[in-house]
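Residues per chain are reported as follows:
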Amino acid sequence: MKIIIGSDHGGYDLKLEIIEHLKTRGFEVIDVGSDSDASTDYPIYAKKLTDILTEYITANNIDYDALGILVCGTGIGMSMAANKVEGIRAALCHDTFSAEATREHNNANVLCMGARVIGPGLALKVVDTFIDTPFSKDERHVRRISMYS
């Protein structure tokens, strides 16, 4: 599975910790930036990530072998920017219950977190839960997701 990850300056340090964690789990990680903690604009990185993720989904006609992770100060801006893109289902999660539920019920394909809201220990647990939880494919969840567009 490919994990595409991006952050602005506020999420840069947590993004680095997440990347290291994902690599130890054996995931292929695509880092779209930012490359430092210098002030930058979060929509740039949300756009880079969603461009790659939607291209991958379209080319492979699937959305289960690639997921995205976006980190900014609160996670709010990243989730708002990512959700502007058709086919992206970004979820702001700071606990494992929400991460599990959004994958199982909403088939979310982008996890957003706020580095100023969540500590690295819990963040890694949220990441693992998000990645490891499959979509239930229950008819009611499929029906509800189809109502998004």
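The following paragraphs examine the structure supplied in this document.

What counts, and where the lines are drawn
Residues numbered from 1 in each chain as written. Predicted model: local features only at pLDDT ≥ 70, side-chain atom pairs only at ≥ 80, totals over all residues. Heavy atoms only, no water. Buried < 20%, exposed > 50% of the residue type's maximum accessible area, 1.4 Å probe, protein only. Helix = DSSP H or I, 4+ residues; strand = E, 2+ residues; numbered from the N terminus. Pairing = 2+ DSSP bridges. Axes fitted to C-alpha atoms, helices over the stretch in contact; angles between N-to-C directions. Contact = heavy atoms within 4.5 Å. Salt bridge = Lys/Arg side-chain N within 4 Å of Asp/Glu carboxyl O. Patch = residues over 30% accessible without salt bridge, like charges linked within 9 Å, V, L, I, M, F, W, Y side chains within 5 Å. Areas by Shrake-Rupley, 256 points an atom, 1.4 Å probe, with all protein chains shown as cover. Phe/Tyr/Trp six-rings, centres within 6.5 Å; stacked < 30°, edge-to-face > 60°. Lys NZ or Arg CZ within 6 Å of the ring centre and 35° of its normal. 1 Å grid on protein atoms, 1.4 Å probe; cavity = no way out; pocket = protein on both sides within 12 Å on 5 of 7 lines; lining within 4 Å. Points joined across faces, edges and corners; volume = space filled by probe spheres on them. Nonpolar A, V, L, I, M, F, W, Y, C, P; charged D, E, K, R; others polar. Parallel < 35°, antiparallel > 145°, perpendicular 65-115°, else oblique. Left-handed = near helix turned anticlockwise from the far one by under 90°.

**Some points on the pairing of strand S3 (residues 66-72)**
Moving on, step 1. Taking burial as the measure, the seven residues of S3 include seven buried ones, the bulk of the element.
Moving on, step 2. Neither face of S3 is open: one carries Ala66, Gly68, Leu70 and Cys72, the other Leu67, Ile69 and Val71, and all of them are buried.
Moving on, step 3. Sheet topology places strand S1 (residues 2-7) next to S3; six bridges connect them, and they run parallel. Note that in S3 the partner of Ile3 across the bridge is Leu67.
Moving on, step 4. Pairing of S3 with strand S5 (residues 110-114) involves five bridges; the strand directions are parallel. Opposite Ile69, over in S5, you have Leu111 as the bridge partner.

**Notes on the sheet that holds S1**
Moving on, step 1. Spatially, S2-S1-S3-S5-S4 is the arrangement adopted by the five strands of the open sheet, whose pairing is parallel. In this open sheet, the two edge strands, each paired with only one partner strand, are strand S2 (28-31) and strand S4 (90-92). Taking each pair of neighbouring strands and ignoring which way they run, the sheet shows an average axis angle of 25°.
Moving on, step 2. Pairing of S1 with S2 involves four bridges; the strand directions are parallel. Following the sheet pairing, Ile5 is matched in S2 by Asp31.
Moving on, step 3. Lying over the sheet, helix H1 (residues 12-24) contacts S1, S2, S3 and S5, oriented at roughly 165° with respect to S1.
Moving on, step 4. Contacting S1, S2, S3 and S5, helix H2 (residues 42-60) crosses the sheet at an angle of about 175° to S3.

**Let's talk about the pattern of salt bridges**
Moving on, step 1. Summed over the entire model, instances satisfying the criterion amount to seven salt bridges.
Moving on, step 2. Two residues, Asp51 and Lys47, come together in a salt bridge whose shortest N-O distance is 2.7 Å. With Asp51 and Lys47 both in helix H2 and four residues apart, the pair spans about one turn of that helix.
Moving on, step 3. Accessibility expressed as a relative area gives 35% for Asp51, which makes it partly exposed.
Moving on, step 4. Using a relative accessible area of 46% as the deciding quantity, one classes Lys47 as partly exposed.
Moving on, step 5. A single salt-bridge network, built from bridges that share partners, covers Arg25, Asp128 and Asp132.

**Considerations on a nonpolar patch on the surface**
Moving on, step 1. Residues Ile76, Met80 and Leu92 make up a contiguous nonpolar surface patch of roughly 280 Å² in combined accessible area.
Moving on, step 2. Relative to the elements of secondary structure, Ile76 occurs in helix H3 (residues 76-82).

**Quick look at the packing of aromatic side chains**
Moving on, step 1. Enumeration over the complete set of coordinates arrives at zero aromatic pairs.
Moving on, step 2. Of note, Arg103 hangs over the ring of Phe130, and the distance from its end group to the ring centre comes to 5.5 Å.

**A word on the layout of surface pockets**
Moving on, step 1. In this model, the largest pocket occupies a volume close to 190 Å³.
Moving on, step 2. For the largest pocket, the full set of lining residues is Asn83, Lys84, Val85, Glu86, Gly87, Ile88, Arg89, Ile145, Ser146, Tyr148 and Ser149.
Moving on, step 3. Classifying every residue of the lining of the largest pocket by side-chain character gives four nonpolar, four polar and three charged.

**A closer look at the packing of H1 against helix H5 (residues 120-132)**
Moving on, step 1. It is the contact of H1 with H5, at a shortest axis distance of 10 Å, that shows an interaxial angle of 50°. It follows from the interaxial angle that H1 and H5 lie oblique. Considering how the two elements wind past one another, H1 and H5 form a crossing that is right-handed. Where H1 approaches H5, its residues Leu14, Glu17, Ile18, His21 and Leu22 are matched on the opposing element by Pro120, Ala123, Leu124, Val127, Asp128 and Ile131.
Moving on, step 2. Grouping the constituent residues of the contact of H1 with H5 by class yields eight nonpolar, one polar and two charged.

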